[in-house]
Amino acid sequence: MTLPATPGQPASWQRLSPRMLLVHPVHEVLRQLPLVIGSVVLGSATGNPWLVALALALTVVFGVLRWLTTAYRISPEEVQLRSGVLQRTVLSLPRNRIRSVSTDARLLHRALGLTVLRVSTSQQTGGDGEFALDAVAAQQVPRLRAILLADSLAVADLEAAPGRILARWHPSWLRYSPLNLTGLAMILAALGITYQAGAAAALRNSSLLQPGLQAAQRFGPVAIAATAAIVVLTASLALSVLRSLVTYGNLVLRRDADLLHLEHGLLRLRENTFDMRRLRGATLREALPVRVFGGARLDAVMTGVNGAGESSLLLPPCPAATGKAVLADLIANHDAASGPLRGHGPAATRRRWTRALAIPAALALVSAVVGVPVWVWVVLAVATVCCALLAADRSRSLGHRVSGGWLVARAGSLERRRDCIAGAGIIGWTVRQSCPQRRAGLATLIAATAAGFKRYQVLDVPVDLAWSIAAAASPWVAHNRWADQPAPSGASSSIDGNNERTG
């Protein structure tokens, strides 16, 4: 690997590692598996086994041609990727738009000392627009990562920095794995694929079904259904734990100067490197089952990184104290990370109770009019209690604070979120009121930013406090004459960083 060319000097194209010749043919065979299977079926039916060899040979040749036609180069202004066998494609990214660099090494890559390097910019792309180098030598990755992220950072300083460990995976984190539906989703997906493949019809006509039918007649359908449910639940829990172990085992979150480095995975090693200068905050996500056992997940709010999915993940479900400690370290504000929040008053609380109990009350009224069995009233009573508990939890969760230039907003129950957003990264504000909010004297305050989900809400704040919250987080709002003028009834009012108002 060569360093970027100096200004005025053309950069040379660099070919990927020759060991890629052992990776791409295998990947092409897996990618064209339907074609290979079709060739096997056709060859067996026509008595021409050479069709299988021809399909495999063409797939391998195509993989070799991909290596011959793939190259990259790094110049002082941009990084380019040239690829394509039948159609040549050149993808160019300005270096000053690079926000993060990630690597992904499957078992075959790791066995050959290779990895896939992906570059993320401020605009998310996918498919043909994804900038991925598959595959580069693993020993080149640290230097290449430093060069790509060294817009204004000294590469030598990055390599010399000792790095500070913010969090490290612990086996006790596995206790949060069974609290999601990942294992059940895997089982349902496997059953769906099996059914589509015709296994259900084959099982119906096989001798394996007879013992099951005999057991159902002997013990009854209820006992068989209960046994099947226990087996599925046990398998779901085991798969969830296994997936978490394989995906997040050996996780290490480290900060090197102005870079945040995350690596995890037992079999498939993944590494993400984020530019801390692009950090605009973080979100502590607490799903209800995980929160009951004292857990939370931490996601980054960063320009160029999508706010959902695995791309923004910093910590998987882990002890909430660990997540809050890492959050406080990243934003350098302990109060914003775990300090108490300001409630939104009795009107916001009433709104949560009203929305939670409206449907049970309507169902109870209909049941009283038409007449229903006793068991329906029992189910309705249980549902009403659950809705009341949900309303109480949502009321306790609702709150906000502005501390040290950070806006903190918390809301939700089934998926409670604590969003910590840097005031300096907020580029616009919107105050929005629905008809029920107008009657209650409440409003939703929306902070617009170029990072994460792009918009972060402070739900159901008293309308007379909305612009004061915005002014506390963004001082430029306090000097804006539009903030003192309320929006017309039934409309939304917005202010951006150019002191312009819409609404």
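The structure displayed is predicted, hence computed values, not measured ones.

Asker: Talk me through the overall build of the chain; I want residue IDs and the actual numbers.
Answerer: Secondary structure assignment for the chain yields 18 helices and 22 strands. Every one of the 503 residues in the chain was classed for burial, and the buried ones make up 40%. Intrachain contacts of the chain at a sequence separation of at least 6 include 57% that bridge at least 24 residues.

Asker: Explain the packing of helix H14 (residues 345–370) against helix H15 (residues 374–397) to me, and be specific about the residues and the numbers.
Answerer: Interhelical geometry of H14 versus H15 gives an angle of 170° and a closest axis separation of 8 Å. Classified by the interaxial angle, the pair formed by H14 and H15 is roughly antiparallel. Side by side, H14 and H15 meet where Thr-349, Arg-352, Trp-353, Arg-355, Ala-356, Leu-357, Pro-360, Leu-363, Ala-364, Ser-367 and Ala-368 of the first sit next to Trp-377, Leu-380, Thr-384, Cys-387, Ala-388, Ala-391, Ala-392, Arg-394 and Ser-395 of the second.

Asker: Help me get a handle on the pairing of strand S10 (residues 259–264), residues and values and all.
Answerer: Counting buried positions along S10 yields five of six residues, so the element is predominantly enclosed. What sits between strand S9 (residues 252–256) and S10 in their antiparallel hairpin is a turn of two residues, with Ala-257 showing a positive phi close to 55°. Direction of pairing for S10 relative to strand S11 (residues 269–275): antiparallel, over a ladder of six bridges. Each residue of the ladder has a partner; that of Leu-262, found in S11, is Asn-272. Hairpin connection of S10 to S11: four residues between the antiparallel strands, including Gly-265 at a positive phi of 120°.

Asker: Would you mind going over the pattern of salt bridges in detail, with residue names and values included?
Answerer: Two side chains bearing opposite charge may form a pair once their charged atoms approach each other closely. By the definition in use, this model includes 16 salt bridges. Beyond isolated ion pairs, a larger network of salt bridges with shared partners links Arg-285, Arg-297, Asp-299 and Glu-415.

Asker: An account of the sheet that holds strand S8 (residues 164–168) is needed here, citing residue identities and associated values.
Answerer: In spatial order, the strands read S7-S6-S5-S11-S10-S9-S8; together these seven strands make up an open sheet with antiparallel pairing. The two strands at the open ends of the sheet, each matched to only one other strand, are strand S7 (131–137) and S8. For this sheet, the mean inter-axis angle between neighbouring strands, taken without regard to orientation, is 20°. As paired elements, strand S5 (residues 98–105) and S11 share six bridges and run antiparallel to each other. Along S11, the bridge assignment pairs Thr-103 with Glu-271. Together, S8, S9 and S10 form the strand contacts of helix H12 (residues 320–331), whose direction differs from that of S8 by roughly 155°.

Asker: Any chance you could break down the sheet that holds strand S4 (residues 89–94) for me, citing the residues and the numbers?
Answerer: Two pairing modes exist for strands in a sheet, parallel and antiparallel, and in both the strands are linked by backbone hydrogen bonds. Reading across the sheet, the four strands line up as S1-S2-S3-S4 and stay open at both edges, with antiparallel pairing between neighbours. In this open sheet, the two strands that pair with only one neighbour each are strand S1 (14–15) and S4. Across two bridges, S1 lies against strand S2 (residues 71–74) in antiparallel orientation. Among the inter-strand pairings, Arg-15 is bridged to a residue of S2, identified as Ala-71.

Asker: Residues and numbers for helix H10 (residues 221–248), please.
Answerer: Turn by turn, an α-helix covers 3.6 residues, leaving residues three or four places apart pointing in a common direction. If you check H10, its first and last C-alpha atoms are 40 Å apart, about what 28 residues at 1.5 Å a residue would give, namely 40 Å. Considered for burial, the residues of H10 that qualify are Ser-236, Ser-240, Ser-244, Thr-247 and Tyr-248. One or two positions beyond H10, positive phi appears at Asn-250, with a value near 65°.

Asker: Go over the state of the cysteines, please, and point to the residues and values.
Answerer: Scanning the model with the defined rule gives zero disulfides in all. No disulfide involves Cys-387; its sulfur sits 7.0 Å from that of Cys-386, the nearest cysteine.

Asker: Would you mind going over a nonpolar patch on the surface in detail, with residue names and values included?
Answerer: On the surface, a nonpolar cluster with roughly 420 Å² of combined accessible area is contributed by Leu-365, Val-366, Val-369 and Val-370. For Val-369, the position within the fold is in helix H14. For Val-369, a relative accessible area of 66% translates into the label exposed.

Asker: I'd like a rundown of the packing of aromatic side chains, residues and numbers included.
Answerer: By the definition in use, this model includes one aromatic pair. When the ring of Phe-453 is compared with that of Tyr-456, the centres are 6.3 Å apart and the planes differ by 70°; the resulting orientation is edge-to-face. By relative accessible area, Tyr-456 is classed as buried at 5%.

Asker: So what about the environment of Val-463? Which residues, and what values?
Answerer: Topologically, Val-463 is positioned in the loop between strand S20 (455–462) and helix H17 (466–473). On the basis of relative accessibility, which here comes to 35%, the residue Val-463 falls in the partly exposed class. Note: C-alpha distance between Val-463 and Arg-438 (25 residues apart in sequence) is 8.5 Å. Excluding residues within four positions of it along the chain, Val-463 makes contact with Gln-433, Gly-441, Leu-442 and Ala-443.

Asker: Outline the environment of Leu-363, supporting the account with residue identities and numerical values.
Answerer: Looking at the secondary structure, you find Leu-363 in helix H14. Leu-363 gets classed as partly exposed once you look at its relative accessible area, which sits at 46%. Along the backbone, Leu-363 and Trp-377 are 14 residues apart, and their C-alpha atoms lie at a distance of 9.9 Å.

Asker: Go over the side chain of Gln-433 with me, naming the residues and quoting the values.
Answerer: Here Gln-433 is to be found in the loop between strand S18 (426–432) and helix H16 (435–440). Only 2.9 Å separates the side chain of Gln-433 from the backbone oxygen of Leu-442, close enough to count as a polar contact.

Asker: So what about unusual backbone geometry? Which residues, and what values?
Answerer: The phi dihedral of Asn-250 is positive, around 65°, even though this residue is not glycine. Here Asn-250 is to be found in the loop between H10 and S9. A relative accessible area of 51% means that Asn-250 is categorised as exposed. The backbone of Asp-460 sits at a positive phi, close to 50°, despite the residue not being glycine. Position of Asp-460 relative to the elements: it lies in strand S20.

Asker: Can you tell me about the nonpolar core, naming the residues and giving the values?
Answerer: Within the largest apolar cluster, 36 residues are counted, with the highest numbers of intra-cluster contacts made by Leu-253, Leu-260, Leu-298, Leu-314, Leu-315 and Leu-330. At six residues, the largest contribution of residues to this core is made by H12. Setting aside chain neighbours within four positions, we find Leu-298 in contact with Ala-282, Thr-283, Leu-284, Ser-312, Leu-313, Leu-314, Leu-315, Gly-323, Val-326, Leu-327 and Leu-330. In terms of nonpolar packing, the next biggest core, distinct from the first, is built from 22 residues, Trp-67, Val-79, Leu-133 and Leu-259 among them.

Asker: Any chance you could break down the side chain of Asp-299 for me, citing the residues and the numbers?
Answerer: Following the sequence through the fold, Asp-299 ends up in strand S13 (residues 295–302). With near-sequence residues (within four places) excluded, Asp-299 lies in contact with Ala-282, Thr-283, Arg-285, Gly-309, Ser-312, Leu-313 and Leu-314.

What counts and how
Residues numbered from 1 in each chain as written. Predicted model: local features only at pLDDT ≥ 70, side-chain atom pairs only at ≥ 80, totals over all residues. Heavy atoms only, no water. Helix = DSSP H or I, 4+ residues; strand = E, 2+ residues; numbered from the N terminus. Buried < 20%, exposed > 50% of the residue type's maximum accessible area, 1.4 Å probe, protein only. Contact = heavy atoms within 4.5 Å. Axes fitted to C-alpha atoms, helices over the stretch in contact; angles between N-to-C directions. Parallel < 35°, antiparallel > 145°, perpendicular 65-115°, else oblique. Pairing = 2+ DSSP bridges. Salt bridge = Lys/Arg side-chain N within 4 Å of Asp/Glu carboxyl O. Expected span 1.5 Å × (residues − 1). Disulfide = S-S within 2.5 Å. Patch = residues over 30% accessible without salt bridge, like charges linked within 9 Å, V, L, I, M, F, W, Y side chains within 5 Å. Areas by Shrake-Rupley, 256 points an atom, 1.4 Å probe, with all protein chains shown as cover. Phe/Tyr/Trp six-rings, centres within 6.5 Å; stacked < 30°, edge-to-face > 60°. Polar contact = N/O pair within 3.5 Å; in protein donor to acceptor, adjacent residues only side chain to side chain. Core = buried A, V, L, I, M, F, W, Y, C linked by side-chain atoms within 4.5 Å.

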